[in-house]
Protein chains: 2
Amino acid sequence: MATETSLAERLLQGDKRALARAITLVENDDPRGWDLVREVYPHTGGAAVLGLTGAPGAGKSTLISALTKARRAQERDVAVLSIDPSSPFTKGALLGDRIRLTDHFLDPGVFIRSMANRGALGGLSEATLQAALLMDAAGKDDVFLETVGVGQAEIDVIDHADTVVLILIPGGGDSIQALKAGVMEIPDIIVVNKADHPMTDTMVREVRSVLSLAPHEKGTWRVPIVKTQAYRDIGIDELIEQIDAHRAYIQERGELEERRRRNLRSEVLALTTSRIRRRLDAALASDERFQALLQQVVERRLDPASAATEVLGRLDAGDLAID
Amino acid sequence: MATETSLAERLLQGDKRALARAITLVENDDPRGWDLVREVYPHTGGAAVLGLTGAPGAGKSTLISALTKARRAQERDVAVLSIDPSSPFTKGALLGDRIRLTDHFLDPGVFIRSMANRGALGGLSEATLQAALLMDAAGKDDVFLETVGVGQAEIDVIDHADTVVLILIPGGGDSIQALKAGVMEIPDIIVVNKADHPMTDTMVREVRSVLSLAPHEKGTWRVPIVKTQAYRDIGIDELIEQIDAHRAYIQERGELEERRRRNLRSEVLALTTSRIRRRLDAALASDERFQALLQQVVERRLDPASAATEVLGRLDAGDLAID
């Protein structure tokens, strides 16, 4: 217990190693991790959480490097949490590092971490939120969540951000299609990176036309399109301005609290459900009727969804106890 | 109803458009999709489901193209289901196609589809299994599941495979680290692709040494390491042989049924849990005490995990009804 208290204290003082250790506890679903989050939770809420999403190759990591540099120049502390397996930030995952991140790794004001494990209770999205909370409690001013933006887990992750930036590149028509089709929600800011490409202005026009089709209430946030060349630090100042403007906007209108309330609500729900699943799992392990039901599924006489309906019916009838 | 019957019939006859339509229904969580799976489920179980996983850049898509060609030469029908957002197979997702897949797209014996939506009830993993079942029912002999192998959703997806192939490339040391650390389960077959690279034999030795550390019961499956150069069709015949050998092995020992039983069990569980979550969501929407609890979370006085404990306690006490 003494160790945990001191871990919390060190974390709140911004100790990098304490933060790393805390995230590992959460990622491994170690009860001490959850105790720790409970303890430091009152000290969270101060960080600006920025979600950055885009296809592999859009230059997310380079952009995050540039943003980190800009935020450091403003004397803000930065944490990067990468959930994109194709990102060079994602150490310990399947990829080697293609970009030299050494500068940032040596800076005590920058903390970089990836989440790739199935790890924590309730899944990647829950573990990510807990990690972001720990970064927040450690006094980081900015938390950057990097995700590839496709797939359920990744979309759930981006929901934890206060501001969402979508990164596109000229010629990458599929992202535009995804926006048009409504597969992807309209982000708060759109970056067209690699803006030295001759197709840049065509891309900007296309994005503008997609945005003009989306419903827009008068006086509400108008999604800016920022052209950047991240590897040359071009456009980064304007991006920072737009990020800050968006934050000021949602704070003024009470939308920041609204977003956070919505995200925390689904967080509580997800955590509750995953505990119910664990209990159900345990209850069914020794349940003979379920074994017989499962045998029918294995023999292709009953499909999994119909079997689920039957289990649910037994729960409703009080015929199967999971508490 | 008449339309649904004929969709099922057309699907069972192997009609490509019917299969595409059916998967869309499942992906959109359309009740007709679930009815359809129920109807065709007795006709499933015949396909060999192969999971292919590896980091972006390992050459998964090229390898799948080569395997598809080889299977077509054996007059087997093939379906590819890609859950890797960085894959060129993943149409409609965020990436353009880097590889020309036109040959396969035009072959009536090959069906290619991606899953990127959060879509279906219970999430990506459930939608993927349903899609794989539909491909199976449509008479596909081989179903290839392509995943990037990092992240919870992707690992859940690979669990649906009968045989799992991990694709490595020379010099890609992080995958080896992931295996060593036990982050990644030992696959059934390991491919070292791009085997014209000078580091190939070093990689093979390293893989062998990691495998030698894993517990291995005498007489059980010994994970083969296959060197391939997928873009030149080199090593593909040997890979096909090993895939078939693994399948024969697990069939003989009853392991295939065992795997499928385990996967179908977690499928039933996942489907049950996601329905419980929906009900919980609905019940909490009009619950005043939950609103007060949530307010505490928003005000940083109570952390999300403790709030979840409280909700669970109310369910146990019969104080909150979700049926």
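Here the structure is a predicted model, which means the values were calculated and not measured.

Peer 1: Hey, could you run me through the packing of aromatic side chains in this one?
Peer 2: The geometry of an aromatic ring pair comes down to the distance between the two centres and the angle between the two planes. Residue and element names in this part refer to chain B. Summed over the entire model, instances satisfying the criterion amount to two aromatic pairs over all chains. Aromatic pair Trp221 and Tyr249: ring centres 5.5 Å apart, planes at 45°, arrangement tilted. Taken together, the residues Trp221 in the loop between helix H9 (200–213) and strand E7 (225–227) and Tyr249 in helix H10 (residues 236–252) connect sequence positions 28 residues apart.

Peer 1: Which parts of the structure should I look at to understand the pairing of strand E1 (residues 48–53) of chain B?
Peer 2: Consecutive side chains along a regular strand alternate between the two faces of the sheet. Residue and element names in this part refer to chain B. For E1, the tally of buried residues reaches six of six residues, placing the bulk of the element in the interior. Side chains of E1 alternate between two faces, with Ala48, Leu50 and Leu52 and Val49, Gly51 and Thr53 buried alike. In this structure, E1 lies alongside strand E4 (residues 142–147), joined through six bridges in parallel fashion. Along E4, the bridge assignment pairs Gly51 with Leu145. Where E1 and strand E5 (residues 163–168) come together, four bridges link them in parallel fashion. Counted as the bridge partner of Thr53 is Leu166 from E5.

Peer 1: Hey, could you run me through the sheet that holds strand E4 (residues 142–147) of chain A in this one?
Peer 2: In sheet architecture, strand pairing relies on hydrogen bonds along the backbone and comes in two forms, parallel and antiparallel. Residue and element names in this part refer to chain A. Across the sheet, seven strands lie side by side as E3-E2-E4-E1-E5-E6-E7; this open sheet has parallel pairing. Of all strands in the sheet, those bounded by a partner on one side alone are strand E3 (110–114) and strand E7 (225–227). In this sheet, neighbouring strand axes are inclined to one another by 20° on average, regardless of whether the strands run parallel or antiparallel. Sheet topology places strand E6 (residues 189–192) next to E7; three bridges connect them, and they run parallel. Bridging across to E7, Val191 finds its partner in Val226. Packing against the sheet, helix H4 (residues 60–73) makes contact with strand E1 (48–53), strand E2 (78–82), E3, E4, strand E5 (163–168) and E6, and its axis sits at approximately 175° to E4.

Peer 1: Explanation requested: the pairing of E4 of chain A in the structure shown.
Peer 2: All names here are of chain A. With six of its six residues buried, E4 lies for the most part within the structure. Going residue by residue along E4, you find Asp142, Phe144 and Glu146 tucked away on one face and Val143, Leu145 and Thr147 tucked away on the opposite face as well. With five bridges joining them, E2 and E4 adopt parallel strand pairing. Bridged to Val78 within E4 is Asp142.

Peer 1: Would you take a moment to explain the sheet that holds strand E2 (residues 78–82) of chain B for this structure?
Peer 2: Residues and elements named next belong to chain B. Pairing is parallel in the open sheet, where seven strands are placed in the order E3-E2-E4-E1-E5-E6-E7. Bordering the open sheet on either side are strand E3 (110–114) and E7, each of which pairs with just one other strand. Between one strand and the next, the sheet's axes are offset by a mean angle of 20°, whatever the strand orientation. Strand contacts of H9: E5, strand E6 (189–192) and E7, with the helix running at about 170° to E7, the strand carrying the most contacts.

Peer 1: Honestly, the nonpolar core in this entry has me stumped. Any pointers?
Peer 2: Side chains that are nonpolar tend, in soluble globular proteins, to be buried together. Leu11 and Leu134 of chain A together with Leu11 and Leu134 of chain B are the most contacted members of the largest nonpolar core, which has 116 residues in total. The contact partners of Leu11 of chain B, leaving out residues within four places of it in the chain, are Ala18, Leu19, Ala22, Val40, Leu134, Ala137 and Ala138 of chain B.

Peer 1: Is there a simple way to think about the pattern of salt bridges in this case?
Peer 2: Should the charged atoms of two oppositely charged side chains come close, the side chains can pair. In total, this model carries 49 salt bridges over all chains according to the counting rule given. Put simply, Arg247 of chain B and Asp162 of chain B hold a salt bridge, and the shortest N to O gap is 3.1 Å. Remark: Asp162 of chain B occurs in the loop between helix H7 (152–158) and E5 and Arg247 of chain B occurs in helix H10; sequence separation between them is 85 residues. The salt bridge involving Arg314 of chain B is made with Asp319 of chain B; its shortest N-O contact spans 3.4 Å. Using a relative accessible area of 39% as the deciding quantity, one classes Asp319 of chain B as partly exposed. One connected set of salt bridges, linked through shared partners, spans Arg71, Arg76, Asp142 and Asp244 of chain A.

Peer 1: How should the environment of Ala305 of chain A be read in this particular structure?
Peer 2: Here Ala305 of chain A shows up in helix H13 (residues 304–316). The exposure class of Ala305 of chain A is buried, given its relative accessible area of 6%. For Ala305 of chain A, the contacting residues outside a window of four places in its chain are Trp34, Leu271 and Arg275 of chain B.

Peer 1: How should helix H12 (residues 288–298) of chain B be read in this particular structure?
Peer 2: Among the residues of H12 of chain B, those classed as buried are Phe290, Leu293, Leu294, Val297 and Val298 of chain B. What you see down the axis of H12 of chain B is that its buried residues fit within an arc of 145°, all on one side. Along H12 of chain B, exposed side chains directed more than 90 degrees from the buried face belong to Glu288 and Arg289 of chain B. Next to the buried residues of H12 of chain B lie helix H11 (255–285) of chain A together with helix H11 (255–285) and helix H13 (304–316) of chain B. N-capping of H12 of chain B is provided by Asp287 of chain B, with a side-chain oxygen placed 3.4 Å from the backbone N of Arg289 of chain B. Of the residues trailing H12 of chain B, Arg300 of chain B is marked for its positive phi of about 65°.

Peer 1: Looking at this structure, how should I read the confidence of the model for chain A?
Peer 2: Any residue range with low pLDDT should be treated as having predicted coordinates unsuitable for detailed reading. When the pLDDT values of chain A are averaged, the result is 84; 82% of them are 70 or greater. When the criterion is pLDDT under 50, residues 91–100 of chain A qualifies, and its contacts beyond four places in sequence or with other chains add up to 32 contacts.

Peer 1: Can you help me understand the environment of Thr24 of chain B in this one?
Peer 2: Positionally, Thr24 of chain B belongs in helix H2 (residues 16–27). A polar contact is formed between the side chain of Thr24 of chain B and the backbone oxygen of Ala20 of chain B, at a distance of 3.0 Å.

Peer 1: How should I be thinking about helix H4 (residues 60–73) of chain B in this particular structure?
Peer 2: Helical periodicity: at 3.6 residues per turn, an α-helix aligns residues three or four positions apart in one direction. Residues and elements named next belong to chain B. Across its 14 residues, H4 extends 20 Å between first and last C-alpha, which sits within 8% of the 20 Å expected from 1.5 Å per residue. The buried count for H4 comes to 10 of 14 residues, which makes it a mostly enclosed element. Among all positions in H4, only Lys60, Ser61, Leu63, Ile64, Ser65, Ala66, Leu67, Thr68, Ala70 and Arg71 are buried. Downstream of H4 by one or two residues, Glu75 has phi in the positive range, about 60°.

What counts, and at which threshold
Residues numbered from 1 in each chain as written. Chains lettered and ligands numbered in written order. Predicted model: local features only at pLDDT ≥ 70, side-chain atom pairs only at ≥ 80, totals over all residues. Heavy atoms only, no water. Phe/Tyr/Trp six-rings, centres within 6.5 Å; stacked < 30°, edge-to-face > 60°. Helix = DSSP H or I, 4+ residues; strand = E, 2+ residues; numbered from the N terminus. Buried < 20%, exposed > 50% of the residue type's maximum accessible area, 1.4 Å probe, protein only. Pairing = 2+ DSSP bridges. Axes fitted to C-alpha atoms, helices over the stretch in contact; angles between N-to-C directions. Contact = heavy atoms within 4.5 Å. Core = buried A, V, L, I, M, F, W, Y, C linked by side-chain atoms within 4.5 Å. Salt bridge = Lys/Arg side-chain N within 4 Å of Asp/Glu carboxyl O. Arc of directions from axis to C-beta. Polar contact = N/O pair within 3.5 Å; in protein donor to acceptor, adjacent residues only side chain to side chain. pLDDT = per-residue confidence, 0-100. Expected span 1.5 Å × (residues − 1).

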